[in-house]
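Below, each chain spelled out in residue letters.
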Amino acid sequence: ANPGGYDLRPLTVGEVIERAARLYRTNVVAIWRVVVPLIVLTEGIYALINRSTVPAGSYVVNGQLYVPFGSNVGGYNGAVLVEGLFIPLVVVPLLSALILRVFSQAYLGARTDPQAALGFGLRRVPGMVWIGLLYAVVVVVGFVLLVIPGIYLATALSLAFAAYVVEGKSGSAALRRSRELVRGHWGSTFGALLPYSITAGLLSALLPALLKLLEHG
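Residues numbered from 1 in each chain as written. Predicted model: local features only at pLDDT ≥ 70, side-chain atom pairs only at ≥ 80, totals over all residues. Heavy atoms only, no water.

Caption draft 1: Structural view of the packing of helix H3 (residues 114-144) against helix H6 (residues 171-182). One way to put it is that H3 packs onto H6 with a least axis distance of 9 Å and a crossing angle of 60°. Taken together, the axes of H3 and H6 are oblique relative to one another. Considering how the two elements wind past one another, H3 and H6 form a crossing that is right-handed. Across from Trp-130, Ile-131, Leu-134 and Tyr-135 in H3, the residues of H6 making contact are Gly-171, Ser-172, Ala-174 and Leu-175. A class-by-class count of the residues in the contact of H3 with H6 yields 6 nonpolar, 2 polar and no charged. (Axes fitted to C-alpha atoms, helices over the stretch in contact; angles between N-to-C directions. Helix = DSSP H or I, 4+ residues; strand = E, 2+ residues; numbered from the N terminus. Parallel < 35°, antiparallel > 145°, perpendicular 65-115°, else oblique. Left-handed = near helix turned anticlockwise from the far one by under 90°. Contact = heavy atoms within 4.5 Å. Nonpolar A, V, L, I, M, F, W, Y, C, P; charged D, E, K, R; others polar.)

As structure tokens, this is what we get:
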């Protein structure tokens, strides 16, 4: 066993899920101490940008923005574009790197201060974005080739971000390292990722609706 109390060996799907849940329970407070302020800050910036760029006299009906005829909406459209790019290109890579850092260190028995993990995550954002773009291109090509190759590649390359954060592998080297790690364990990797993917999909669908309710409630 390593200092974190986890034996380093191939795990069954059930063991992967159980250990992930245990890691989350023991680190959730530390993680959310950083994640919550970051989300609040992001939403605050969005609200400030929207308030300062929406043309005077505009109004919202059923979530749809209506502006006076002839208004200059260039500033607002630009703000929407920036907001749409900021989440996938900054917030998501930052949070992913931060959480991977804290969990990987905890698994190995080395506690990481969330503030230090935040700094670590900020430095890894460009690399996370580059790996994400490579991953997306390869997986999309796989789905174009009759879907099954896409599912295979999405699973085989799923550890690329972890390879970058934990081992320092960047770009295509991270993708190759992920394939090496998954080789011989594709089925168990897919089984462990499936509940995560379903949960992430549901949250992605529900969170925007929840934010709209909060904004107009």
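Caption draft 2: Spotlight on the side chain of Ser-158. With respect to the element layout, Ser-158 can be found in the loop between helix H4 (148-156) and helix H5 (160-167). Excluding residues within four positions of it along the chain, Ser-158 makes contact with Tyr-135, Ser-178, Thr-189 and Leu-193.

Caption draft 3: How the structure looks around the packing of H3 against H5. As a packed pair, H3 and H5 sit with axes 10 Å apart at the nearest point and diverge in direction by 145°. Note on packing geometry: the crossing formed by H3 with H5 is right-handed. For the pair H3 and H5, the contacting residues are Phe-120, Arg-124, Gly-127, Met-128, Ile-131 and Gly-132 in the first and Ala-160, Phe-161, Tyr-164 and Val-165 in the second. For the contact of H3 with H5, the class distribution of residues is 7 nonpolar, 2 polar and 1 charged.

Caption draft 4: Main features of the pattern of salt bridges. Enumeration over the complete set of coordinates arrives at 3 salt bridges. In this structure, the salt-bridge partner of Glu-167 is Arg-177, at a minimum N-O distance of 2.8 Å. Taken together, the positions of Glu-167 in helix H5 and Arg-177 in helix H6 put the pair 10 residues apart, joining distant regions of the chain. Classification of Arg-177 by relative accessible area gives partly exposed; the value is 24%. Among the salt bridges present, the one from Glu-180 reaches Arg-177, with a minimum N-O distance of 3.3 Å. One end of the pair, Glu-180, and the other, Arg-177, are both in helix H6, 3 residues apart, so they sit about a helical turn from each other. The network of salt bridges with shared partners includes Glu-167, Arg-177 and Glu-180. (Salt bridge = Lys/Arg side-chain N within 4 Å of Asp/Glu carboxyl O. Buried < 20%, exposed > 50% of the residue type's maximum accessible area, 1.4 Å probe, protein only.)

Caption draft 5: Geometry of the nonpolar core. Judged by nonpolar contacts, Ile-31, Val-34, Val-35, Leu-38, Val-91, Leu-94, Leu-95, Leu-98, Val-102, Ala-117, Val-125 and Val-129 together constitute the single largest core of 12 residues. Listed by contribution, the elements that provide at least two residues to this core are helix H1 (13-53), helix H2 (74-107) and H3. When residues in this core are grouped by element, the largest group, 5 residues, is from H2. Filtering out sequence-adjacent residues up to four positions away, Leu-98 remains in contact with Ile-31, Val-34, Ala-117, Leu-118 and Gly-121. Within the second largest apolar cluster, 11 residues are counted, among which are Ala-97, Phe-120, Met-128 and Ala-160. (Core = buried A, V, L, I, M, F, W, Y, C linked by side-chain atoms within 4.5 Å.)

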